[in-house]
Amino acid sequence: MESTTVSPRAVAGGTKSAASPRAAQARPAISGPRWLPWAKGAVFVAAWYPLARIVLFGMTDRLGANPIEFITRSTGLWTLVFLCITLAVTPLRRMTGWSVLIRFRRMLGLYAFFYAVLHFTTYVWFDKWFDVAAMLKDVGKRPFITVGFAAFVLLIPLAITSTRAMARKLGRRWQTLHRLVYAIGVLAILHFWWMRSGKHDLVLPKLYGAIMVALLGWRIGAWLIARLKARTAVRS
Ligand code: HEM
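About the criteria used
Residues numbered from 1 in each chain as written. Predicted model: local features only at pLDDT ≥ 70, side-chain atom pairs only at ≥ 80, totals over all residues. Heavy atoms only, no water. Near = heavy atom within 4 Å. Polar contact = N/O pair within 3.5 Å; in protein donor to acceptor, adjacent residues only side chain to side chain. 1 Å grid on protein atoms, 1.4 Å probe; cavity = no way out; pocket = protein on both sides within 12 Å on 5 of 7 lines; lining within 4 Å. Sits in = over half its atoms within 2 Å of the grid points. Helix = DSSP H or I, 4+ residues; strand = E, 2+ residues; numbered from the N terminus. Nonpolar A, V, L, I, M, F, W, Y, C, P; charged D, E, K, R; others polar. Donors = N, O, S within 2.8 Å, 3.2 Å for Na, K, Ca; no water. Tetrahedral: all angles 85-135°; square planar, octahedral: opposite > 155°, others 65-115°. Buried < 20%, exposed > 50% of the residue type's maximum accessible area, 1.4 Å probe, protein only. Expected span 1.5 Å × (residues − 1). Contact = heavy atoms within 4.5 Å. Axes fitted to C-alpha atoms, helices over the stretch in contact; angles between N-to-C directions. Parallel < 35°, antiparallel > 145°, perpendicular 65-115°, else oblique. Left-handed = near helix turned anticlockwise from the far one by under 90°. Points joined across faces, edges and corners; volume = space filled by probe spheres on them. Core = buried A, V, L, I, M, F, W, Y, C linked by side-chain atoms within 4.5 Å.

(A) Up close: the site of the ligand. Near the ligand, the surroundings consist of 22 residues, among which Arg73, His119, Arg142, His191 and Arg196 are the closest. Arg142 places a side-chain nitrogen or oxygen 3.0 Å from an oxygen atom of the ligand. Here His191 contributes a side-chain N or O atom positioned 2.8 Å from a nitrogen atom of the ligand. The cavity where the ligand resides is the second largest pocket. Mapped by element, the contributors of at least two residues to the shell around the ligand are helix H5 (67–96), helix H6 (102–127), helix H8 (144–160) and helix H11 (180–197). The element best represented in the shell around the ligand is H8, accounting for seven residues. Counted by class, the shell around the ligand contains twelve nonpolar, six polar and four charged residues.

(B) Region of interest: the coordination of the iron atom of the ligand. Surrounding the iron atom of the ligand are the protein donor atoms His119 (NE2) and His191 (NE2), which sit 2.0 to 2.1 Å from the metal. Given six donor atoms and angles of 87 to 180° at the metal, the environment of the iron atom of the ligand is assigned as octahedral. With His119 in helix H6 and His191 in helix H11, this residue pair connects regions lying 72 residues apart in the sequence. Judged by relative accessible area, His191 falls into the buried class, the value being 19%.

(C) Examining helix H12 (residues 203–235) more closely. Spanning 33 residues, H12 covers 48 Å between terminal C-alpha atoms, matching the ideal 48 Å at 1.5 Å per step. Here H12 has its buried residues at Pro205, Tyr208, Gly209, Met212, Leu215 and Leu216. On its buried face, H12 sits against H5 and H11.

(D) Quick peek at the packing of H5 against H12. Where H5 meets H12, the closest approach of the two axes is 10 Å, and the angle between their N-to-C directions is 30°. The angle between H5 and H12 falls in the class roughly parallel. You can see that H5 and H12 cross each other, and the crossing is left-handed. The segment H5 lies against H12, with Leu77, Leu80, Val81, Cys84, Leu87, Ala88, Thr90, Pro91, Arg94 and Met95 engaging Leu204, Tyr208, Ile211, Met212, Leu215, Leu216, Trp218 and Arg219. Looking at the contact of H5 with H12 residue by residue, the classes come out as 15 nonpolar, one polar and two charged.

(E) Quick peek at the layout of surface pockets. Approximately 930 Å³ is the volume attributed to the second largest pocket. Lining the second largest pocket are 37 residues, with Thr72, His119, Phe144, Ile145 and His191 positioned closest to its centre. For the lining of the second largest pocket, the element with the highest residue contribution is H5, accounting for ten residues. Across the lining of the second largest pocket, the residue classes tally to 22 nonpolar, nine polar and six charged.

(F) How the structure looks around unusual backbone geometry. With a phi angle near 50°, Trp129 is a residue other than glycine that sits in the positive phi range. With phi around 50°, His200 is a residue other than glycine that occupies positive phi space. In this fold, His200 is placed in the loop between H11 and H12.

(G) Broad picture of the nonpolar core. Membership of the largest hydrophobic core comes to 35 residues, with the highest contact counts inside it found for Leu80, Phe82, Tyr208 and Met212. Among the elements of the structure, helix H3 (36–46), H5, H6, H8, H11 and H12 are those that each provide at least two residues to this core. For this core, the element with the highest residue contribution is H6, accounting for nine residues. Not counting chain neighbours up to four residues away, the residues in contact with Met212 comprise Leu80, Cys84, Leu87, Gly185 and Ile189.

(H) H6, seen in detail. Helix length check: H6 (26 residues) gives 37 Å between terminal C-alpha atoms against 38 Å at 1.5 Å per residue, within 8%. Positive phi shows up at Trp129, right after H6, with a value of about 50°.

(I) Main features of the environment of Val89. Position of Val89 among the secondary structure elements: in helix H5. Residues Val89 and Leu215 lie 126 residues apart in sequence; the distance between their C-alpha atoms is 9.8 Å. Once you skip the residues sitting within four places of it in the chain, Val89 turns out to touch Leu101, Ile102, Arg105 and Leu108.

As C-alpha cells, then:
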C-alpha cells in the first residue's frame, strides 16, 4: 500500500521532514494514494447516514411515541460511535502499518462533534425549549446529564483546533490538548452507563465501555512500552 506523506507529528507542527527552514514554514505535502479522495468522499457521505435516518423516520412517522427521546438517544449513541472510531484510528494505523488511516481521523472526530451538537441541541431546544429552570430541575433528577455536558464542553476546543493551521500553530501543545479525547471517552461512557443504570439496561454501556477500555488500554500500553524502550536506550 502506498503511504501518505503527512505524519500526525507533521500535522501537529513537526518539521522533521523539511529540508530547509523555508520548507519548514511551508504547508506539509498532502499527497496520498490516488483513491484517497474517493475514500474520504465515501466516508464523508456515509457519516450522514444517522442524520438521514432520523429525517427519513421523521418524514415517514417512524420516530415512535416520543420523537424527541428517539432523536436524543440516536444522536447520543452516534456521538459515542464516532468517538470510538476516531480513537481506533491510531491503534489500527500502528497495527496494520496503513499510515493513510490518519487522513480520516480529523473528519471522523468532527463528525463526533457534529452529532454531539445535534444531541445537545435536541435536549436544550426541542426537549427543554431553552428553559434553564427546567434544565436545572432535570439535572437535579438526572445527574448523568452534567457528565454528558462536561464531555461536550471538552469536545469544543478539540473541534476548534482540529485544522491543520491550528495544529501547526500550537505545535506540541496541540498533542497535549488533544489528549483530552481520552477524558471525553471516559465521561461519555460514564454518562451512558449512569443513564442506562436507571433503566436497568446495561448491555450497550458494557459493550461500549469494553471498547473504550481496550482503546485507552492500548494507548497506555503503547506509552509505557515507549517509555521503557527510551529508558533502556539511555542506560545502554
Ligand atoms: C460527548 C458528549 C455526549 C455523548 C457521547 C453522549 C452520549 C449519550 C448516549 C450514548 C446516550 C444514551 C443513548 C441510548 O440510550 O441509546 C445519551 C443520552 C442522553 N444524553 Fe447524552 N451524550 C453527550 C452529551 C450530552 C449533553 C451535552 C447533554 C445535555 C446537556 C446530554 C443529554 C442526554 C440526555 C438527556 C440523554 C437521555 C435521553 C433519554 O432519557 O431518553 N448528553 N447520551
